[in-house]
Amino acid sequence: MSTTEPIQIAHPHVERRTGVQGGRFVIKGTRFPISSVVQNHRRGLTVEDMLREFPHLSPAQLYDALSFYYDHREMIDQEITEMADVAQASATYPPTLDRSNGSD
């Protein structure tokens, strides 16, 4: 009887970096949160619509972001809920801009 290893599904266009968007998952190499892709999709925007709105993104990035969402739905839905509450969002996802250098 053979055993098979569970398949790990990789999301090559998704990353989480310290100091970027408060540690939220983003499209790799950008500051574009996965939750923003999901919210736009929920508003009825297709991938083609989003490509027109955000021409710096590729179809592969957007489809991978949606795939990541469906693999991690509960986590991203929680993030969206938290982001709707501005005070909670500020506490959970602190600003990443450093204004301590005195320039405004």
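Residues numbered from 1 in each chain as written. Predicted model: local features only at pLDDT ≥ 70, side-chain atom pairs only at ≥ 80, totals over all residues. Heavy atoms only, no water.

**Student:** Explain unusual backbone geometry here, please?
**Tutor:** Both trends apply: most residues other than glycine have a negative phi, and most peptide bonds are in trans. Unlike most non-glycine residues, Gln 21 shows phi in positive territory, near 55°. Locating Gln 21 in the fold gives a position in the loop between β1 (14–15) and β2 (26–27). With a relative accessible area of 22%, Gln 21 lands in the partly exposed category. (Helix = DSSP H or I, 4+ residues; strand = E, 2+ residues; numbered from the N terminus. Buried < 20%, exposed > 50% of the residue type's maximum accessible area, 1.4 Å probe, protein only.)

**Student:** What exactly am I supposed to notice about the environment of Gln 61 here?
**Tutor:** Relative to the assigned elements, Gln 61 resides in helix α3 (residues 59–71). Take Gln 61: its relative accessible area is 13%, and that puts it in the buried class. The spacing of Gln 61 and Val 47 is 14 residues in sequence and 9.9 Å in space, taken between C-alpha atoms. Ignoring anything within four residues of it in the chain, the contact list for Gln 61 reads His 13, Ile 27, Lys 28 and His 56. A polar contact is formed between the side chain of Gln 61 and the backbone nitrogen of Ser 58, at a distance of 2.7 Å. (Contact = heavy atoms within 4.5 Å. Polar contact = N/O pair within 3.5 Å; in protein donor to acceptor, adjacent residues only side chain to side chain.)

**Student:** How should I be thinking about the nonpolar core in this particular structure?
**Tutor:** A general trend in soluble globular proteins is that nonpolar side chains are found buried together. In terms of nonpolar packing, the biggest core is built from 17 residues, with Ile 27, Ile 34, Val 37, Val 38, Leu 62, Phe 68 and Ile 76 touching the most fellow members. Where this core is concerned, the elements lending two or more residues are α1 (34–42), α2 (47–53), α3 and α4 (73–84). Take this core: its biggest share by element is five residues, from α3. The contact partners of Val 38, leaving out residues within four places of it in the chain, are Tyr 69, Ile 76 and Ile 80. (Core = buried A, V, L, I, M, F, W, Y, C linked by side-chain atoms within 4.5 Å.)

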